[in-house]
Structure formats: C-alpha cells, structure tokens
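Results of the structural survey
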Amino acid sequence: MKDISTIRNYELGFCLKIRKSLLQQEIPLLINELETCIIGNNLTKRGNTISGIHEKSSDYNAGKVDIEIIQPVLFQENIALSASIEIIENWYLKSSLHYTHTGNPQNLQNSANNLKNYILENGLNPITPIFNLPLVIPTSLKDIDTSVYELIIGIDE
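What this report covers is the structure whose coordinates are included nearby. What you see is a predicted model; the values in this text were computed from it and never measured. Sequence order as written defines residue numbering, which begins from 1 separately in each chain. It should be noted that, the model being predicted, local features are given only for residues of pLDDT at least 70 and side-chain atom pairs only at 80 or more, the latter also being counted only at that level, while totals for whole chains, interfaces and linings use all residues. Calculation of side-chain values draws on the structure's entire complement of heavy atoms; hydrogens and water are dropped beforehand.

On to the overall build of the chain. Helix and strand assignments come from DSSP, with helices taken as H or I runs of at least 4 residues and strands as E runs of at least 2, each series counted from the N terminus. If you tally the helices and strands in the chain, you get two helices and six strands. Walking the chain from its N terminus toward its C terminus, one meets helices and strands in the order β-α-β-β-β-α-β-β. Whereas a compact globule of 157 residues would reach a radius of gyration of roughly 15 Å, the chain reaches 16 Å, a difference of no more than 12%. For the chain, the spread of C-alpha atoms along the three principal axes comes to 45 × 40 × 35 Å. Two things to know: the radius of gyration comes from C-alpha atoms, and the globule rule equals 2.2 Å times the number of residues to the power 0.38.

Structure, rendered in structure tokens:
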C-alpha cells in the first residue's frame, strides 16, 4: 500500500500520558483531566494530542475502552500530577508503521483496518495499539472531509 511507510526511531520527546479503562462517553472527562494538568502547570503543548485504544481490555465486555492519551509538552521540572497522569521523559518507538488517512474521521476505522491487513499480510508483529495523530483539523463541519490523520503503530523488529 502506497499510504503506509515504515519509520525508524519515531520520537515525540517529553510527554504527559493518561491511560484508563472507561466508558466511551467518559473520554471527554479524561481529556479534560489532562487539559487541567497542562493549564494548572502552565505547560506548553508541542503538537497535537495522540491517542490509541488498546484492543485487549479485560473491561471490554462491560462496555469500557482502554484508552491511552499522550500529549507532547515542553520539558518542565516539578509538574504537579493527578494520580492518573504520568510523565514520559521520551516517548519513543524504535520501529513503526505510519498510514495517512485523509477525509472524514468517521472513516478512520477503515484506514485502521487497512493498516491491520497490511500487518497480517506482511507477517509483522504489532507492539502498540494504533495511535491516531490529527494533522489537519478543520475549523468547521462543512470542511470535515479535509481532515488528515496519521495512524501510527509500533512494530517489533
């Protein structure tokens, strides 16, 4: 597939991470918790928020998703964290596949399925969930089809 590329040493640097198993409608609360930490510590974001859903959640049957949200920020010492948020000094993937999705975000699952099929067809071993990184976020709903996301998954070498 021409839209899939392999990237070695993909690095986001210093990040805040929050991972929790919760109901899908509770995700905005989790994002708000991360935003509150960023604002409360006067942190500066470095790029867009990356998120991924871990597929093998023990709470899946209870209607919960195991989500991980990562926000690159400028390094700062003495950050006050809630119990749910952790610091990652250098978020890093030694080897990863990247797939660019252009168009309506409602079709992101189709792109994720294409990426999963590529992994199966090529005998690759994924080591992370598929992370979504928004690259172009339209300012209005009429431009929703101009959205661009990068799907990223870590693979074992």
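A few words on the packing of aromatic side chains. Classification of ring pairs rests on two measures: the distance between centres of Phe, Tyr or Trp rings, Trp counted by its six-membered ring, which must be within 6.5 Å, and the angle between planes, read as stacked under 30 degrees, edge-to-face over 60 and tilted in between. With the rule as written, the count across this model stands at three aromatic pairs. Ring geometry for F14 versus F75: centroids 5.0 Å apart, planes at 80 degrees, classification edge-to-face. In this pair, F14 sits in strand β1 (residues 4–23) while F75 sits in the loop between β3 (64–72) and β4 (85–102), placing the two residues 61 residues apart along the sequence. The exposure class assigned to F75 is exposed, which follows from its relative accessible area of 56%. Seen from their ring centres, W91 and F131 are 5.4 Å apart, and the 90 degrees between their planes marks the pair as edge-to-face. Here W91 is found in strand β4, whereas its partner F131 is found in strand β5 (residues 131–136), with 40 residues between them in sequence. Relative accessibility decides the category of a residue: with a 1.4 Å probe and only protein chains considered, values under 20% of the type maximum give buried, values over 50% give exposed, and everything between is partly exposed.

Here, a strand pair is defined by DSSP locating no fewer than two bridges between the strands. As summarised here, the arrangement of the six strands in space is β1-β3-β2-β5-β6-β4, forming a closed barrel in which the pairing is antiparallel. On average, each strand axis in the sheet is tilted by 45 degrees relative to the strand beside it, whichever way the strands run. Seen against the sheet, helix α1 (residues 27–40) touches β1, β3 and β4 and runs at an angle of roughly 105 degrees to β1. Should any heavy atoms of two residues lie within 4.5 Å, those residues are considered in contact. Angles here are taken between N-to-C directions and fall from 0 to 180 degrees, while the axes themselves are lines fitted to C-alpha atoms, restricted in helices to the stretch in contact. Across the sheet, helix α2 (residues 108–121) touches β1, β4, β5 and β6 (148–154), and the angle it forms with β4 is around 90 degrees.

Further remarks concern α1. Over its 14 residues, α1 runs 20 Å from end to end, which matches the ideal 20 Å to within 8%, given 1.5 Å per residue. Of the positions making up α1, those classed as buried are I27, L30, L34, C37 and I38. The buried residues of α1 occupy an angular sector of 100 degrees when projected down its axis, which confines them to one face. For α1, exposure combined with an orientation more than 90 degrees from the buried face picks out L29, I39 and G40. The secondary structure elements touched by the buried residues of α1 are β1, β3 and β4. Where α1 terminates, the next one or two residues include N42, which has phi positive at roughly 55 degrees. The span expected for a helix works out to 1.5 Å for each residue beyond the first. Regarding the arc, it is the one traced by the directions from the helix axis to the C-beta atoms.

The next thing to look at is the environment of E121. Examined against the element boundaries, E121 turns out to sit in helix α2. In this structure E121 comes out as exposed when scored by relative accessible area, which is 66%. With 16 residues separating them along the chain, E121 and I137 place their C-alpha atoms 31 Å apart.

In this structure, β1 lies alongside β4, joined through 12 bridges in antiparallel fashion. Counterpart to I18 in the pairing with β4 is I85.

Let us look at the pattern of salt bridges. Any carboxyl oxygen of Asp or Glu within 4 Å of a side-chain nitrogen of Lys or Arg constitutes a salt bridge here. In total, this model carries six salt bridges according to the counting rule given. With its nearest N and O atoms 3.9 Å apart, the salt bridge here joins E86 to K17. Note that E86 is positioned in strand β4 and K17 in strand β1, a separation of 69 residues in sequence. The buried category is assigned to K17, whose relative accessible area is 15%. The shortest N-O distance in the salt bridge between R19 and D66 comes to 2.6 Å. With a gap of 47 residues between them, R19 in strand β1 and D66 in strand β3 connect regions that are remote in the sequence. Here D66 falls in the buried class, since its relative accessible area comes to 11%. One salt-bridge network, held together by shared partners, links R8, K94 and E157.

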